[in-house]
Amino acid sequence: MTIEIKTLKVEPRRQTFGHIARRYGADKPASRYDEATLDVQATANFHYKPLWGADHWLYDERRTRVTMADWYKLRDPRQYYYATYNIARAGQYQTTERNIEFVDKRGLLAHLDPAWRETVETYLLPLRHMEWGANLNCTNICDLGYGTAVTAASIFAAGDHLALAQIIGRIGLLLDGNTGASLDRAKDRWMTAPEWQGLRRLTEDTLVVKDWFELLLAQNLAIDGILYPLVYGRFDAAGQALGGSAVSMLTEFMNEWFTEHSRWVDAVIKTAAAESPENRALLTGWFATWASRAAGAFAPLADHVLGAEEGTRALAEVVGGLQARAKTLGLAV
Amino acid sequence: MNAVAKLGLKQRYSLLTRGLDWEPSYQSKSAIYPYAEFEGIKIHDWSKWEDPFRLTMDAYWKFQAEKERKLYAVLDSFAQNNGQMGLTDARYVNAVKLFLTGVSPLEYQAHRGFAHVGRHIPGVGPRVAAQMQSLDELRHVQTQIHTLSHYNKFFDGLHEFPHMHDRVWYLSVPKSFFDDARTAGPFEYFIAIGFAFEYVLTNLLFVPFMSGAAYNGDLATVTFGFSAQSDESRHMTLGIEVIKFLLEQDPDNLPIVQKWVDKWFWRGHRVLGLVAMMMDYMLPKKIMSWREAWEIYFTEAGGSLFQDLSRYGLRVPKYADVATAEADHISHQNWAVFYQYTHAAGFHTWLPSAEEMDWLSEKYPTTFDKYYRPRFEMWGEMAKEGKRFYNNALPQLCTTCQIPMAYTEPGDPTTISFRHSHYKGDTYHFCSDGCKDIFDNEPEKYSQSWLPVHQIFQGNCGGASVEEVLKWYRLNLGADNLDQAGSPDQAQWDAWMEARRRVAG
């Protein structure tokens, strides 16, 4: 017996939007990333100059000295649009939530060597303010940047940095039994402790950078590129012998996030550098400035946590790693 | 043993979020927040800000991811099952075209605008809320594109939406509206979009489109609408919190805020004229008339809102009475404009059927039969005689709202309303007192308007003939424009319905 299902054949008249088809060179089915991203930002015939900056249009390529023939070359290799971004992060955070519950239930932080516990409070908790600075910087890049490819990824990064600040806050609450006292101490350190002042100055200085691409490089490549390997790599490793594995569990999100985030940063910097010798020179110059400023700013903290000798060595290795990374991105390091 | 104190939601949120900010000392506050003062708004104590919702980022991801999973499951199934064939009628798709070309790009603008506010307002509470709204608005534009991408595969008029939004004459109405808000200072933007648009007027934009979708079998769009509802209610609570906060912080803020409320009410009202026309003329199955919607959502809901806000000294927006009187006219006048210029529009038009005209008579007892039915009936007669009426002259535009000057004098529906102002040796024209006031308050800003008709005459839009201009818009002539009857959309729809009858038979 055969069953015949009656169907109507309905043929599409086109596969995608005109602006996508022109980019593909053919009318063919488009990915959701492409349809959600490409050419979504307005480019022409703006009505009024901003009251907050009449020297530029609302969306203006000249807000950075970097030039691109096509700003949509700065694609996100993760192909994040809103849905895929949120679904990915919700999944990652489930693991973090489970880790926090596990550490809490087993009272694992009690196994921390008391001196190291104090050290963790010193180096980890004030970082929430630095993440908050990073959040503002990424929001700023979304505000001032050109082309949805880079601006959408930037508001996602801003959300990430807020979450990172809040994870650190939760670790503080685990350490202080939900009183918030550890967070108050962390803020005092951020404001006054000598080992933090270079980092606070660095953060405040980034908040006034005018060129959004310079800011993108300073924050996402130079600062993040030292912070994550140093704090969640070197500092964390030093804590292993001192009962710090619970801290590693609580900060696993940071490592996973940094690896993924770097894929995006690398793609953006590499593409912009490959666009022209002028871009390459510009990015190289910015990298030299901000990587060296970041390295200098982290030095007192590294010394404080690891001891002067080991701190200097660890930081030098991390900075060396960052320079090697920059070289692979086409910067003249 | 567990002596650990449990944290309440408010306390937990405050510890994890509000404590993040610090007083800078290596850079000045004014260097970090350079746009916080030029508008004259005085804030004395940001800590008085009450967070209207207390979402940490992890909770945000969790809720939003869940909603997206459900939404995309529906979109996939809609596409797979050719859901577009379940529409009431092919005419409905024209509302979708207006939405994607006119409204979705505004969601994008809102996304970037809230990023600006989320960076530049110097209080941590509103800044985080604005950042989340920026993410939400990105969600809205992206999910709308994904929802309507399927329609683009089968229908005309959707295929060049970003290009059109930047160029087409009637799309400069919504575009200039949002450009206006985006180019204002951060506090004005917050009042314009967060309060005037999201709180006072959103029910007249979002609800009609989404209910229209529900009434007309557009399952994909209505699912998007439901899914966005919880975002919208967050945005509304943020909008009301902003205005209360500004008014509570300093009495000097009242006149500034009142001026913004007046301005943005009128700007919004003009943009919503497009929705009015959509509701009364474009939906094959009507939800309610524009006038009824205006009564419920502005006169009643807005009335009690402004009563509530009167304790701060805020009064009902200027010209609200004019807008209410216009509710009897605006949809008819707008549809008449698009009917005359159907050759230059990216969607199709038609004359209302006899039953539809009866519905309009019933809904507009004091105006439709007297002023508008005769016009539509005459155009119907002309079309029958092979003399379908096209207006081949380019219309004069209002400098502020950019709508063709087709609106009539308050209280005199047979006289076109003209107003003008002089500024730096030039004369600027307006459709109404509301639009003239807005110009007169900020002439430097509005004298910059990119007016499509002026631009065509200046030779900036592809050429001197209508055809050249339409090609510059990237309209497919004979497919995207002109009457619904005889369009490729209609022919295809008829073929589908015919095939369906055959299969069913």
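A. Focus on the overall build of chain B. Of the regular secondary structure elements, chain B holds 21 helices and four strands. Across its three principal axes, chain B shows a C-alpha extent of roughly 85 × 65 × 45 Å. In chain B, buried positions account for 52% of the 505 residues. Counting only contacts in chain B whose residues sit at least 6 apart along the sequence, the fraction spanning at least 24 positions is 77%.

B. The arrangement of the overall build of chain A in detail. In terms of regular secondary structure, chain A is built from 13 helices and zero strands. When the elements of chain A are put in sequence order from the N terminus, they spell out α-α-α-α-α-α-α-α-α-α-α-α-α. Taken along the three principal axes of its C-alpha coordinates, chain A extends 70 × 65 × 40 Å. Within chain A, buried positions represent 50% of all 333 residues. Put simply, of all contacts in chain A between residues at least 6 apart along the chain, 73% involve residues at least 24 apart.

C. Representation of helix α7 (residues 181-192) of chain A in the model. All names here are of chain A. The terminal C-alpha atoms of α7, which comprises twelve residues, lie 17 Å apart, in line with the 16 Å expected from a rise of 1.5 Å per residue. Among all positions of α7, only Ser182, Leu183, Ala186, Arg189 and Trp190 are buried. End-on, the buried residues of α7 take up no more than an arc of 115 degrees, which puts them together on one face. In α7, the exposed positions angled more than 90 degrees off the buried face are occupied by Asp188 and Thr192.

D. Just the interface of chain A and chain B, in detail. Every contact between the two is made by 69 residues of chain A and, on the other side, 71 residues of chain B. For the side of chain A that touches chain B, the secondary-structure elements that each account for two or more residues are α1 (18-24), α2 (32-37), α3 (82-105), α5 (127-144), α6 (148-176), α7 and α8 (194-206) of chain A. In terms of residue count, the dominant contributor to the side of chain A that touches chain B is α6 of chain A (eleven residues). Here the residues of the side of chain A that touches chain B sort into 35 nonpolar, 18 polar and 16 charged.

E. Seen up close, the packing of helix α4 (residues 93-120) of chain B against helix α5 (residues 124-154) of chain B. Residue and element names in this part refer to chain B. Look at α4 against α5: their axes get within 8 Å of each other, and the N-to-C directions meet at 155 degrees. Taken together, the axes of α4 and α5 lie roughly antiparallel to each other. Between α4 and α5 lies a crossing of left-handed hand. Taken together, the residues that form the contact of α4 with α5 break down as 14 nonpolar, eight polar and three charged.

F. Representation of the environment of Trp212 of chain A in the model. All names here are of chain A. Among the structural elements, Trp212 can be located in helix α9 (residues 212-240). Take Trp212: there are 22 C-beta atoms within 10 Å of it, and that puts it in the buried class. Counting along the chain gives 68 residues from Trp212 to Leu144, while the straight-line C-alpha distance between them is 6.4 Å. The residues contacting Trp212, other than those within four sequence positions of it, are Arg63, Thr64, Asn140, Ile141, Leu144 and Gly145.

G. Broad picture of the pairing of strand β3 (residues 419-423) of chain B. Residues and elements named next belong to chain B. Sheet analysis places β3 next to strand β4 (residues 426-430), joined by five bridges and oriented antiparallel. Residue pairing across strands places Tyr423 opposite Asp426, the latter belonging to β4. As consecutive antiparallel partners, β3 and β4 are separated by two residues, and within that stretch Lys424 has a phi angle of approximately 45 degrees, a positive value.

H. Main features of the nonpolar core. Counting residues in each nonpolar core, the largest one holds 242 residues, and the members touching the most others are Leu217 of chain A together with Ile191 of chain B. With 18 residues, the single largest contributor to this core is α6 of chain A. Ignoring any residue separated from it by four or fewer positions in sequence, one finds Leu217 of chain A in contact with Ala222, Ile269, Leu283, Trp286, Phe287 and Trp290 of chain A.

I. Structural detail: the packing of helix α9 (residues 206-215) of chain B against helix α10 (residues 219-249) of chain B. Residue and element names in this part refer to chain B. Where α9 meets α10, the closest approach of the two axes is 8 Å, and the angle between their N-to-C directions is 145 degrees. Judged by the twist between their axes, the crossing of α9 over α10 is left-handed. Contact residues: α9 offers Phe206, Met210, Ala213 and Ala214, while α10 offers Thr221, Val222, Gly225 and Glu232. Partitioned by chemical class, the residues of the contact of α9 with α10 number five nonpolar, two polar and one charged.

J. Spatial organisation of unusual backbone geometry. Residue and element names in this part refer to chain B. A positive phi is found at Lys424, a non-glycine position, where the angle reads about 45 degrees. Within the secondary structure, Lys424 is located in the loop between β3 and β4. Located in the positive-phi region is Arg474, a residue other than glycine, with phi close to 65 degrees. Here Arg474 is to be found in the loop between α20 (466-472) and α21 (488-504). For Arg474, a count of 17 C-beta atoms within 10 Å corresponds to the partly exposed category.

K. Expanded view of the environment of Pro24 of chain B. Looking at the element boundaries, Pro24 of chain B is found in the loop between α1 (9-16) and α2 (29-32). Beyond its immediate chain neighbours, meaning those up to four positions away, Pro24 of chain B contacts Glu204 of chain A together with Lys29 and Ile32 of chain B.

L. Geometry of the confidence of the model for chain B. Confidence along chain B averages 96 in pLDDT terms, with 99% of residues attaining 70 or more. Across the assembled chains, the prediction reports ipTM 0.97 with pTM 0.97.

M. View of the environment of Tyr199 of chain B. All names here are of chain B. Along the chain, the position of Tyr199 falls in helix α8 (residues 186-201). By C-beta crowding, Tyr199 is classed as buried, having 23 other C-beta atoms within 10 Å. Distance in space between the C-alpha atoms of Tyr199 and Arg373 is 35 Å, their sequence separation being 174 residues.

Rules of the game
Throughout this description, residue numbers start from 1 for each chain and increase along the sequence as written. Ligands are numbered from 1 and chains lettered from A, in the order in which they are written. It should be noted that, the model being predicted, local features are given only for residues of pLDDT at least 70 and side-chain atom pairs only at 80 or more, the latter also being counted only at that level, while totals for whole chains, interfaces and linings use all residues. Per the convention used, a helix needs a DSSP run of H or I reaching at least four residues, while a strand needs a run of E reaching at least two, with both numbered from the N terminus. A residue is called partly exposed when the number of other C-beta atoms within 10 Å of its own lies between 12 and 20, exposed at 12 or fewer, and buried at 20 or more, with C-beta atoms placed from the backbone. Contact between two residues is assigned whenever their backbone-derived C-beta positions fall within 7 Å. What a helix is expected to span follows from its residue count: subtract one and scale by 1.5 Å. This arc corresponds to the set of directions leading from the helix axis out to the C-beta atoms. Residues are grouped as follows: Ala, Val, Leu, Ile, Met, Phe, Trp, Tyr, Cys and Pro are nonpolar; Asp, Glu, Lys and Arg are charged; every other residue, Gly included, is polar. For helices, the fitted line uses only the C-alpha atoms of the stretch in contact; every axis is such a line through C-alpha atoms, and the angle between N-to-C directions lies from 0 to 180 degrees. The labels follow the angle: roughly parallel below 35 degrees, roughly antiparallel above 145, roughly perpendicular from 65 to 115, and oblique for the rest. For a crossing to be left-handed, the near helix must be turned anticlockwise from the far one by less than a right angle; the clockwise case is right-handed. For two strands to pair, DSSP has to find at least two bridges joining them. A set of buried Ala, Val, Leu, Ile, Met, Phe, Trp, Tyr and Cys residues, joined through C-beta atoms within 7 Å, is what we mean by a nonpolar core. Confidence of the predictor in every single residue is expressed as pLDDT, which spans 0 to 100.

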